[in-house]
Amino acid sequence: MLAKAERDLAAAAQDAHAKTASYSEAAAAANVANKQLEERHEAQRVGDAAMVQAQQSKETLEKGIRVHFRAIVEAQDCEQHHQAQLPLLKELTLDKSLMSALPGVCTKPASDRGAFDAMVLEQLGKTL
């Protein structure tokens, strides 16, 4: 009877050791999975921030075209709209001669603008 109890105890100890090892492996796998999850959350956060920035840039560009560029072409409060466009224009790769000609175009009424002024506005419209 004592021998049977010792065998049962040894078997139970071996079973407990196997379950402990299995638990350790599962805990390690869970730690790896949690680390990967944290990395993916961080990547998502960075991606979300980039998406928000891109959406804001898109909205700024659309407003620049819809409101400010249209007002410049129509010569309505042109200087004010030119000033509002400057931050956007600085972000774009505009030709320096176009950037230097634009303020002059903005000071003229639409009826006084010539072919050069029209070309400046056309190039600006293509760039936007």
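Going by the structure above, here's the rest.
Rules used in this analysis
- Starting from 1, residues in each chain are numbered consecutively following that chain's sequence as written.
- Local features are withheld for residues below a pLDDT of 70 in this predicted model, meaning they are given only at 70 or higher, and side-chain atom pairs are given and counted only at 80 or more; totals for whole chains, interfaces and linings count all residues.
- For side-chain calculations, the full set of non-hydrogen atoms in the structure is used, while hydrogens and water are omitted.
- Secondary structure is summarised from DSSP: a helix means a run of H or I of at least four residues, a strand means a run of E of at least two, and numbering begins at the N terminus for each.
- Between the two quantities, the radius of gyration covers C-alpha atoms and the globule rule is 2.2 Å times the number of residues to the power 0.38.
- Summary of the burial criterion: residues with accessible area below 20% of their type's maximum are buried, those above 50% are exposed, and those between are partly exposed, where the area comes from a 1.4 Å probe applied to protein chains only.
- Contacts are assigned to residue pairs that have any heavy atoms within 4.5 Å of one another.
- Remark: nonpolar core denotes a set of buried residues (Ala, Val, Leu, Ile, Met, Phe, Trp, Tyr, Cys) joined through side-chain atoms within 4.5 Å.
- Think of a polar contact as two N or O atoms within 3.5 Å of one another; within protein, one of them needs to be a possible hydrogen donor and the other a possible acceptor, and neighboring residues in sequence only count if both atoms come from side chains.
- In a helix, the anticipated span is given by 1.5 Å times the number of residues less one.
- What is called the bend at a residue is the angle between a pair of axes, fitted to the seven residues leading up to and ending at it and to the seven starting from it.
- Positive charge is attributed to Lys and Arg, negative charge to Asp and Glu, and no charge count is given to His or to the chain ends.
- The salt bridge criterion pairs a side-chain nitrogen of Lys or Arg with a carboxyl oxygen of Asp or Glu, the two atoms within 4 Å.

Within the protein, the secondary structure is distributed over 4 helices and 0 strands. Helices and strands appear in the protein in the N-to-C order α-α-α-α. Over its C-alpha atoms the protein spans a radius of gyration of 35 Å, topping by over 25% the 14 Å that the globule rule assigns to 128 residues. Viewed in the frame of its principal axes, the protein has a C-alpha envelope of about 115 × 25 × 15 Å. Split into buried and exposed, the 128 residues of the protein put 19% on the buried side. Across the protein, the fraction of contacts at a sequence separation of at least 24, relative to all contacts at a separation of at least 6, is 54%.

Looking now at the nonpolar core. By size, the foremost hydrophobic cluster in this structure holds 16 residues, and its most contacted members are Leu-89, Leu-102, Val-120, Leu-124 and Leu-128. When contributions to this core are tallied by element, the ones reaching two or more residues are α1 (2-73), α2 (78-91), α3 (96-106) and α4 (115-127). The dominant element in this core, judged by the number of residues it contributes, is α3, at 5 residues. Beyond its immediate chain neighbours, meaning those up to four positions away, Val-120 contacts Leu-98, Ala-101, Leu-102 and Val-105.

Let us look at the side chain of His-68. Here His-68 lies in helix α1. For His-68, a relative accessible area of 12% translates into the label buried. A distance of 2.9 Å separates a polar atom in the side chain of His-68 from a polar atom in the side chain of His-81. Setting aside chain neighbours within four positions, we find His-68 in contact with Lys-63, His-81, Ala-84 and Gln-85.

Our next topic: α1. Taking 1.5 Å of rise per residue, the 72 residues of α1 would be expected to cover 106 Å, and the 103 Å separating its terminal C-alpha atoms lies within 8% of that figure. The largest bend in α1 comes to about 35°, at Gly-64. Taken together, the buried positions of α1 are Gly-64, His-68, Phe-69, Ala-71 and Ile-72. Here the buried face of α1 lies against α2, α3 and α4. Ala-75 occupies a position one or two residues after α1 and carries a positive phi of about 55°.

Here Arg-113 lies in the loop between α3 and α4. Despite being buried, Arg-113 has no salt bridge partner; Asp-117 is the closest side chain of opposite charge, sitting 5.8 Å away. Here the side chain of Arg-113 touches Val-73 through a polar contact of 3.0 Å, landing on its backbone oxygen. Of note is the side chain of Arg-113, whose polar atom sits 3.5 Å from the backbone oxygen of Lys-108. Setting aside residues up to four positions removed in sequence, Arg-113 forms contacts with Ile-72, Val-73, Ala-75, Cys-78, Val-105, Cys-106, Lys-108 and Leu-121.

On to the pattern of salt bridges. For the structure shown, the criterion picks out 6 salt bridges. The partner of Glu-62 in a salt bridge is Lys-58, and the shortest N-O contact between them spans 3.3 Å. Pair noted here: Glu-62 and Lys-58 are both in helix α1, with a separation of 4 residues, about one helical turn. Since its relative accessible area comes to 35%, Glu-62 is described here as partly exposed.

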